[in-house]
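Summary of the model geometry
Residue-level listing of the chains:
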Protein chains: 2
Amino acid sequence: MPKTGMEPIRRSQLIQATMAAIDEVGLADATVLRIARHAGVSAGIISHYFGGKDGLLEATMRQILSDLGQAVAERRLRLADGSPRDHIAAIIDGNFDRSQISGPAAKTWLAFWASSMHRPQLQRLQHVNDQRLYSNLCFQFRRLMPLNEARDAARTLAAMIDGLWLRGTLSPDGLDTERARRLAHACLDKLLAGHDTSAASPKETA
Amino acid sequence: MPKTGMEPIRRSQLIQATMAAIDEVGLADATVLRIARHAGVSAGIISHYFGGKDGLLEATMRQILSDLGQAVAERRLRLADGSPRDHIAAIIDGNFDRSQISGPAAKTWLAFWASSMHRPQLQRLQHVNDQRLYSNLCFQFRRLMPLNEARDAARTLAAMIDGLWLRGTLSPDGLDTERARRLAHACLDKLLAGHDTSAASPKETA
DNA sequence: TTTTATTGATTGAACGTTCAATAAAAAAAT
DNA sequence: ATTTTTTTATTGAACGTTCAATCAATAAAA
């Protein structure tokens, strides 16, 4: 077997294996043995690369947060300098891009939300992410309305995005991404009503 | 010690102790020993009254769902026959009544949401509850608008309620109940705009 | 030969469940 | 009223299982 450069490969494998294991049996039953099996390595390697199971779980949460950040950033870079509405729409779509990696990622998100209530390290990561979503939304709304209104609009849309995602994930039928996006965009239209010059998407609020 | 009538007392004690333990250390570390300690009884009693730890956890989730149902039902009964807006407002307020039992109940909700992804029994309970919230909202919206619009309005407000609750619970500062209710009612106002005769609450959408 | 990468058996701790033993109240008998 | 019997309620030590972490041994590149 090779001698050098294994670390980034193994780390990536084990993080993916962690999500797969959580998808299969939940965080409670995602043992190091099961995760290692998924990655095709032995259990001992986890402590070697992550210092222990906790380290692996934290790295997995970082990966998920990073993936979300990238999904949003990619869509916003394509805009060059768009209207506030365009930027907010990109943020909405980026947040529902998670559905591509739906099964494993969705269940891992839920598991980490629950865990973060009792692990300061995870709570910190979680809070930074929430604040980023809120701040980005707030900044764009601020371009169209007074600060206090912008804050409430940002809180409303952030709750809408997370709520649609949560209810879709918990539903036995899974998340209907198209419907969730449509409802989130409709909510955005209502929040912008009377505040922007450009009209909404061709379809009115019917 | 007494001889008869202990069962309902112990069941209630142990369910409360379960929520307290989850509040303290999370579901993962809520062992039968810790739960029993909280209730002031021995560990063996859990298997005696609930058949095992799983039975206790399911009973605890049933209790939480029942509490929420009651909080909503109470407020709606006070209305006699109110307007659709009144009923929907009562549903919103009922859902944020959970904050009274905030700490233990909130963390238990989150833990069960995550668990329900992997336990059919819990998922079934969870789904029935979600459907009830959605159906109730849908029925009231239906009195003011066409079915398709009513469904979207119900989905929107349900997501708004859960999203506000989730983000508030995850926040290090805890849930700001007043603000959450205010934003949910503002969302309701926007959903009803142009659909009802009676005006909203004294405060306009500022 | 040196270095890096990996294994897997072992270890100690912690968990849920079980069950024989016990305590106390209620019912029955004296 | 007192004693005996029955029933309900509860304990806590013992058991078997499972887990994360460790580390000496090994294998393969450099």
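Remember, it's a predicted structure, so these values are computed and weren't measured experimentally.

**Details of the overall build of chain A**
Each helix and strand in chain A was counted, giving nine helices and zero strands. Starting at the N terminus and ending at the C terminus, chain A contains elements arranged as α-α-α-α-α-α-α-α-α. A principal-axis box enclosing the C-alpha atoms of chain A has dimensions of 60 × 35 × 30 Å. Taken over 206 residues, chain A has a buried fraction of 38%. Summarising the internal contacts of chain A: among those between residues at least 6 apart in sequence, 57% fall at separations of at least 24.

**Let's talk about the environment of Lys107(B)**
For Lys107(B), the location among the structural elements is in helix α6 (residues 102–116). By the C-beta count within 10 Å, which is 23 here, Lys107(B) ends up buried. Sequence-wise, Lys107(B) and Ala159(B) are 52 residues apart; in three dimensions their C-alpha atoms are separated by 19 Å. When near neighbours in sequence (up to four residues on either side) are disregarded, Lys107(B) contacts Met117(A), Ile22(B) and Asp23(B).

**Digging into the relation of the copies chain B and chain A**
Each copy of the sequence occupies a distinct position, and chain B is placed on chain A by a rotation of 180° and an axial shift of 0.0 Å, giving an RMSD of 0.1 Å. Seen this way, the second copy is the image of the first under a two-fold rotation axis. When each C-alpha of chain B is compared by its distance to the rotation axis, Gly163(B) comes out closest, at 1.8 Å. An overlap of 100% is found between the interface residues of chain B and their copies at the interface of chain A, pointing to a shared contact surface.

**Quick notes on the protein's contact with DNA strand D**
Around DNA strand D, the surrounding shell holds 26 residues, and the nearest of these are Thr31(A), Gly52(A), Lys53(A), Ser42(B) and Gly44(B). For the surface near DNA strand D, the secondary-structure elements that each account for two or more residues are α2 (32–39), α3 (44–50) and α4 (53–77) of chain A together with α1 (6–25) and α3 (44–50) of chain B. Of the residues that constitute the surface near DNA strand D, the class distribution is ten nonpolar, ten polar and six charged.

**Quick look at the nonpolar core**
What tends to happen in soluble globular proteins is that the nonpolar side chains get buried as a cluster. Core analysis: the largest hydrophobic core is formed by 110 residues, its most contacted members being Leu157(A) and Leu157(B). Once residues within four sequence positions are removed from consideration, Leu157(B) is found in contact with Leu137(B), Cys187(B), Leu188(B) and Leu191(B).

**Some remarks on the protein's contact with DNA strand C**
Taken together, 26 residues surround DNA strand C, and among them Ser42(A), Gly44(A), Thr31(B), Gly44(B) and Gly52(B) come closest. Among the secondary structure elements, those contributing two or more residues to the surface near DNA strand C are α1 (6–25) and α3 of chain A together with α2 (32–39), α3 and α4 (53–77) of chain B. Residue composition of the surface near DNA strand C, grouped by class: ten nonpolar, ten polar and six charged.

**Re the interface of chain B and chain A**
One frequently used descriptor of interface size is the decrease in accessible area upon assembly of the parts. Counting residues at the interface gives 32 residues for chain B and 32 residues for chain A. Elements with a minimum of two residues in the side of chain B that touches chain A: α6, α7 (120–142), α8 (147–170) and α9 (177–192) of chain B. Ranked by residues supplied to the side of chain B that touches chain A, first place goes to α8(B) with twelve residues.

**Quick word on the packing of α7(B) against α8(B)**
All names here are of chain B. Their axes nearest at 8 Å, the elements α7 and α8 cross at an angle of 135°. Relative to α8, the element α7 lies oblique. The way α7 lies across α8 gives a crossing that is right-handed. Packed against α7, whose contacting residues are Leu133, Tyr134, Leu137, Cys138, Phe141 and Arg142, the element α8 presents Leu147, Ala150, Arg151, Ala153, Ala154, Leu157 and Ala158 at the interface.

**Description of α4(B)**
Residues and elements named next belong to chain B. With 25 residues, α4 ought to run about 36 Å at 1.5 Å a step, and its terminal C-alpha atoms sit 36 Å apart, in line with that. Among the residues of α4, those classed as buried are Leu56, Leu57, Thr60, Met61, Ile64 and Val72. Along its buried surface, α4 packs onto α1, α3, α5 (84–95), α6 and α7.

**As for the environment of Ala89(B)**
Residues and elements named next belong to chain B. Among the structural elements, Ala89 can be located in helix α5. C-beta crowding within 10 Å serves as the criterion here: with 22 such atoms nearby, Ala89 is assigned to the buried category. Sequence separation between Ala89 and Arg181 is 92 residues; the distance between their C-alpha atoms is 9.3 Å. In this view, Ala89 contacts His185 and Leu188; residues no more than four positions away in its chain are not counted.

**Some remarks on the environment of Leu56(B)**
Residues and elements named next belong to chain B. By secondary structure assignment, the location of Leu56 is in helix α4. Sequence separation between Leu56 and Gly44 is twelve residues, and the spatial gap between their C-alpha atoms is 12 Å. Each residue touching Leu56, except ones within four places of it in the same chain, is listed here: Leu14, Thr18, Ile46 and Phe50.

**A short note on unusual backbone geometry**
Of note, the phi angle at Ala80(A) is positive, near 60°, even though the residue is not glycine. Topologically, Ala80(A) is positioned in the loop between α4 and α5 (84–95).

**Re the packing of α1(B) against α2(B)**
Residues and elements named next belong to chain B. Where α1 meets α2, the closest approach of the two axes is 8 Å, and the angle between their N-to-C directions is 120°. Considered as vectors, α1 and α2 are oriented oblique to each other. The hand of the α1/α2 crossing is right-handed. Contact residues: α1 offers Gln13, Leu14, Ala17, Thr18, Ala20 and Ala21, while α2 offers Arg34, Ile35, His38 and Ala39. In terms of residue class, the contact of α1 with α2 is built from six nonpolar, three polar and one charged.

The rules behind these values
- Residues numbered from 1 in each chain as written.
- Chains lettered and ligands numbered in written order.
- Predicted model: local features only at pLDDT ≥ 70, side-chain atom pairs only at ≥ 80, totals over all residues.
- Helix = DSSP H or I, 4+ residues; strand = E, 2+ residues; numbered from the N terminus.
- Buried ≥ 20, exposed ≤ 12 C-beta atoms within 10 Å, placed from the backbone.
- Contact = placed C-beta atoms within 7 Å.
- Least-squares fit on C-alpha atoms with pLDDT ≥ 70 in both.
- Near = placed C-beta within 6 Å.
- Nonpolar A, V, L, I, M, F, W, Y, C, P; charged D, E, K, R; others polar.
- Core = buried A, V, L, I, M, F, W, Y, C linked by C-beta atoms within 7 Å.
- Axes fitted to C-alpha atoms, helices over the stretch in contact; angles between N-to-C directions.
- Parallel < 35°, antiparallel > 145°, perpendicular 65-115°, else oblique.
- Left-handed = near helix turned anticlockwise from the far one by under 90°.
- Expected span 1.5 Å × (residues − 1).

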